[in-house]
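Below, each chain spelled out in residue letters.
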Amino acid sequence: MNYRELGNTGIKISEVSFGTWAIGGAWGKTSDAEAIKSLEYAMDKGVNFFDTADVYGDGHAEELLAKATKGKEDEIYIATKFCRQGDIFDPENYSYDKVRAYCEDSLRRLNREAIDLYQIHCPATEILRDGRVFEVLDRLQEEGKIRHYGVSVETVEEGLICLENPNVKSLQIIFNMFRQKPLEKLIPEAYNKGVGLLVRLPLASGLLTGKFTTDHVFEEDDHRRFNENGEAFNVGETFAGLGFKKGVELADQLKWIAEGRQSMASASLRWILDQKEISCIIPGFKNRKQVEDNLSALETKPFSAEEQQKIQHFYEAQVKDFISGPY
């Protein structure tokens, strides 16, 4: 395992880490026993950082992490998120009393005394612009309930707003071969300010594994079946905002990246890790095989300058005009 600095926090995290949305729910059938085994396997392989949220399975993902990391609280870092249990547009949802209650509920489920990284979970842009939520988080930090805080953002604009606050220690962003816009300004600015960068949806909801065909049908409780255009929550959180059929078509055009590499998925993850500014990627998983597949990015051949240029040109010419929603 390789480790990278999480901005200027002094924490070193595994460059391949994991998100726990899938094991919490909303990605089809899951097994708690399999999830625990997968978490234990990841830790055995050197993974020391996991991302979760209070709404992943209504807190179930946090509880699974508590079980898997019991006795390892000083070795394994956990990031969780808040605000989506309430109205993300309502300023009251970000008041001290409300956020403290969210925080204490997460601490109870995680069975921890402090949260290593507490993140605002894709809030409304106006909440970030207003800035009072950061004062609330400063207060919780002073009380010792959280060690550091960051923001999970939907757009480059939101990320840049967050960078204006010197106490924001991390940004969680959507960044992959289909979503390259952060490379232009947000990623270099965050890096220069010592802000950690966590990459979610690095495989564009599975599109960049190259395993789907356009007639694939997702399980009824899998959000990829009902949030293709952002009907249930933010546009872009599913299939990078491309829509499923267009995404499959574009993924087929990228299958060349797997040549000389373990798989298209490992190549897609490697491309992100080739960007030195990134702290870690946090792909999801539901079983040990998926953990193994994601960890294979560590042994995957880096991309040459010529390949990087080809991927950038592909995004500019074939992808970006088809992305829906603000990003």
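What you see is a predicted model, and the numbers here were worked out from it, not measured in a lab. Positions within a chain are numbered from 1, following the residues in the order the chain's sequence is written. Given that the model is predicted, a residue must reach a pLDDT of at least 70 before its local features are reported, and side-chain atom pairs must reach 80 or more before they are shown or counted; all residues, however, enter totals for whole chains, interfaces and linings. For side-chain calculations, the full set of non-hydrogen atoms in the structure is used, while hydrogens and water are omitted.

Colleague: Looking at this structure, I do not really get the overall build of the chain. What am I missing?
Modeller: Numbering of helices and strands runs from the N terminus, with a helix taken as a DSSP run of H or I at least four residues long and a strand as a DSSP run of E at least two residues long. Looking only at helices and strands, the chain features 13 helices and 10 strands. Based on C-alpha atoms, the radius of gyration is set beside the globule rule, defined as 2.2 Å times the residue count to the power 0.38. Whereas a compact globule of 327 residues would reach a radius of gyration of roughly 20 Å, the chain reaches 18 Å, a difference of no more than 12%. Here, two residues are considered to be in contact whenever any of their heavy atoms come within 4.5 Å of each other. Considering only contacts in the chain between residues 6 or more positions apart, those separated by 24 or more positions represent 76%. Of the roughly 13700 Å² of accessible surface on the chain, a fraction of 45% belongs to carbon and sulfur atoms. Here the chain contributes 41 positively and 54 negatively charged side chains, and the mean placements of these two sets differ by 3 Å. Method for areas: the Shrake-Rupley scheme with a 1.4 Å probe, in which residue coverage is limited to the protein chains shown. His residues and chain termini do not enter the charge count, which takes Lys and Arg as positive and Asp and Glu as negative. By convention, the point assigned to a charge is CZ for Arg, NZ for Lys, CD for Glu and CG for Asp.

Colleague: So what exactly am I meant to see when it comes to a negative patch on the surface here?
Modeller: Grouping into patches uses exposed residues only, defined as over 30% relative accessible area, and leaves out salt-bridged ones; the cut-off is 9 Å for like charges and 5 Å for nonpolar side chains (Val, Leu, Ile, Met, Phe, Trp, Tyr). For this analysis, a salt bridge means a side-chain nitrogen from Lys or Arg found within 4 Å of a carboxyl oxygen belonging to Asp or Glu. On the surface, Asp87, Asp90, Glu92 and Asp97 cluster together into a patch of negative charge. Topologically, Asp97 is positioned in helix α4 (residues 96-110). Burial classes: relative accessible area under 20% of the type maximum marks a residue as buried, over 50% as exposed, and values in between as partly exposed (1.4 Å probe, protein chains only). Overall, Asp97 belongs to the exposed group, its relative accessible area being 59%.

Colleague: Sorry if this is basic, but what is going on with the packing of α4 against helix α6 (residues 132-142) here?
Modeller: In helix packing, the relevant descriptors are the interaxial angle and the interaxial distance, both defined with respect to the helix axes. Inter-axis angles, ranging from 0 to 180 degrees, are taken between N-to-C directions of lines fitted to C-alpha atoms, where helices are fitted over the stretch in contact. Running from N to C, α4 and α6 point in directions that differ by 50°, and their axes come no closer than 10 Å. Considering their axes alone, α4 and α6 lie oblique with respect to each other. The way α4 lies across α6 gives a crossing that is right-handed. Contact residues: Tyr96, Val99, Arg100 and Cys103 in α4; Val136, Leu137, Arg139 and Leu140 in α6. Within the contact of α4 with α6, the residues separate by chemical class into 6 nonpolar, no polar and 2 charged. Angles are sorted into four bins: roughly parallel if under 35 degrees, roughly antiparallel if over 145, roughly perpendicular if 65 to 115, and oblique for all others. By the definition used in this description, the sense in which the near helix is turned from the far one sets the handedness, with an anticlockwise turn below a right angle giving left-handed and a clockwise turn giving right-handed. Polarity classes work like this: nonpolar for Ala, Val, Leu, Ile, Met, Phe, Trp, Tyr, Cys and Pro, charged for Asp, Glu, Lys and Arg, and polar for all others, with Gly in that last group.

Colleague: When you look at the packing of helix α2 (residues 32-44) against helix α12 (residues 288-295) in this model, what are you seeing that I'm missing?
Modeller: Their axes nearest at 8 Å, the elements α2 and α12 cross at an angle of 30°. On the basis of the axis angle, α2 is roughly parallel to α12. The interaxial crossing formed by α2 with α12 has right-handed handedness. Across the interface between the two elements, Glu34, Ser38, Tyr41 and Ala42 from α2 touch Arg288, Val291, Glu292 and Leu295 from α12.

Colleague: Even after reading the chapter, I still don't get the sheet that holds strand β9 (residues 196-200), so can you show me in this structure?
Modeller: Strand pairing in a sheet is mediated by backbone hydrogen bonds. Such pairs are either parallel or antiparallel. Paired strands, in this sense, are two strands between which DSSP finds at least two bridges. Reading across the sheet, the 8 strands line up as β3-β4-β5-β6-β7-β8-β9-β10 and stay open at both edges, with parallel pairing between neighbours. Of all strands in the sheet, those bounded by a partner on one side alone are β3 (18-19) and β10 (280-281). As judged from the 2 bridges shared by β9 and β10, these two strands associate in the parallel manner. Pairing of Val199 across the sheet is with Ile281, part of β10. Here α4 sits on the sheet in contact with β5 (77-82), β6 (115-121) and β7 (146-152), set at roughly 130° to β6.

Distances and angles like these do not, on their own, reveal function.
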